[in-house]
Amino acid sequence: MDSFYPHYDLAGRIQHTKLDTGVGSMMPSARLDRMETPDTPDFKQVMSGLVENMNNELNAPDNLLKDVMSGSTNVDIHDVMTAMAKSEISVNMATQLTGKVIQAYDKVMQIQV
């Protein structure tokens, strides 16, 4: 009858993460031993990266249009139109993001201490 039930090595299949609870001697707690700093960039780096990407998106249609006007066969007018649509979406997204950041700032400033 033992061969009917599958045998799984459950302890071996458990993936340990940074959020281990420290229960028992097999799993020491990661929280109590050290303080980890996140590898994520700060707000300034994120915003400057977004501005650089938006600047590249805005310049792409002009560069492609110059290539088309100079007679380059590598660029089609459809590529120019696609780049223009992408740049329009980037401007709309930047406008929305700016509005949301200003709204969040206003809400933070309304908090009474």
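It should be emphasised that the depicted structure is a prediction, and the values quoted were computed from it without experimental measurement. (Residues numbered from 1 in each chain as written. Predicted model: local features only at pLDDT ≥ 70, side-chain atom pairs only at ≥ 80, totals over all residues. Heavy atoms only, no water.)

A tally of helices and strands in the protein chain yields four helices and zero strands. Counting helices and strands in the order they occur from the N terminus, the protein chain gives α-α-α-α. Within the protein chain, counting contacts between residues at least 6 apart in sequence, those at least 24 apart form 31% of the total. If you sum the accessible surface of the protein chain, you get close to 10,500 Å²; carbon and sulfur atoms cover 60% of it. (Helix = DSSP H or I, 4+ residues; strand = E, 2+ residues; numbered from the N terminus. Contact = heavy atoms within 4.5 Å. Areas by Shrake-Rupley, 256 points an atom, 1.4 Å probe, with all protein chains shown as cover.)

Chain-level statistics for the protein chain give a pLDDT mean of 78 and a share of 66% at 70 or above. Looking at the elements of the protein chain, mean pLDDT is at its lowest for helix H2 (residues 30–33), recorded as 49, and at its highest for helix H4 (residues 77–109), recorded as 91. (pLDDT = per-residue confidence, 0-100.)

Let's shift gears to H4. Because the α-helix completes a turn every 3.6 residues, residues three or four places apart line up on one side. Taking 1.5 Å per residue, 33 residues should reach 48 Å; H4 reaches 48 Å between its end C-alpha atoms and fits that length. Listing the buried residues of H4 in full gives Val80, Ala83, Ser87 and Ser90. On its buried face, H4 sits against helix H3 (43–69). (Expected span 1.5 Å × (residues − 1). Buried < 20%, exposed > 50% of the residue type's maximum accessible area, 1.4 Å probe, protein only.)

Attention shifts here to H3. The first and last C-alpha atoms of H3 sit 40 Å apart over 27 residues, in line with the 39 Å expected at 1.5 Å per residue. Within H3, the axis deviates most sharply at Asn59, by approximately 30 degrees, and proline Pro61 lies no more than four positions further along. Just downstream of H3, Gly71 is the residue with a positive phi angle, here 95 degrees. (Bend = angle between axes of the 7 residues up to and from the residue.)

What follows concerns the packing of H3 against H4. Remark: H3 packs on H4, axes separated minimally by 9 Å, with the N-to-C direction vectors making an angle of 155 degrees. Classified by the angle their axes make, H3 and H4 are roughly antiparallel. Crossing of H3 over H4 shows left-handed handedness. Contact residues: H3 offers Met47, Leu50, Met54, Glu57, Leu58, Ala60, Pro61, Leu64, Leu65 and Val68, while H4 offers Ile77, Asp79, Val80, Ala83, Met84, Lys86, Ser87, Ser90, Val91, Ala94 and Leu97. For the contact of H3 with H4, a count of residues per class yields 16 nonpolar, two polar and three charged. (Axes fitted to C-alpha atoms, helices over the stretch in contact; angles between N-to-C directions. Parallel < 35°, antiparallel > 145°, perpendicular 65-115°, else oblique. Left-handed = near helix turned anticlockwise from the far one by under 90°. Nonpolar A, V, L, I, M, F, W, Y, C, P; charged D, E, K, R; others polar.)

Now for the side chain of Ser87. If you trace the backbone, Ser87 turns up in helix H4. Within polar-contact distance, the side chain of Ser87 engages the backbone oxygen of Met84 at 2.8 Å. In contact with Ser87, other than residues within four places in its own chain, are Glu57, Leu58 and Pro61. (Polar contact = N/O pair within 3.5 Å; in protein donor to acceptor, adjacent residues only side chain to side chain.)

Take Ser90: it is sitting in helix H4. You can call Ser90 buried: its relative accessible area is 14%. Ignoring anything within four residues of it in the chain, the contact list for Ser90 reads Met54 and Glu57.

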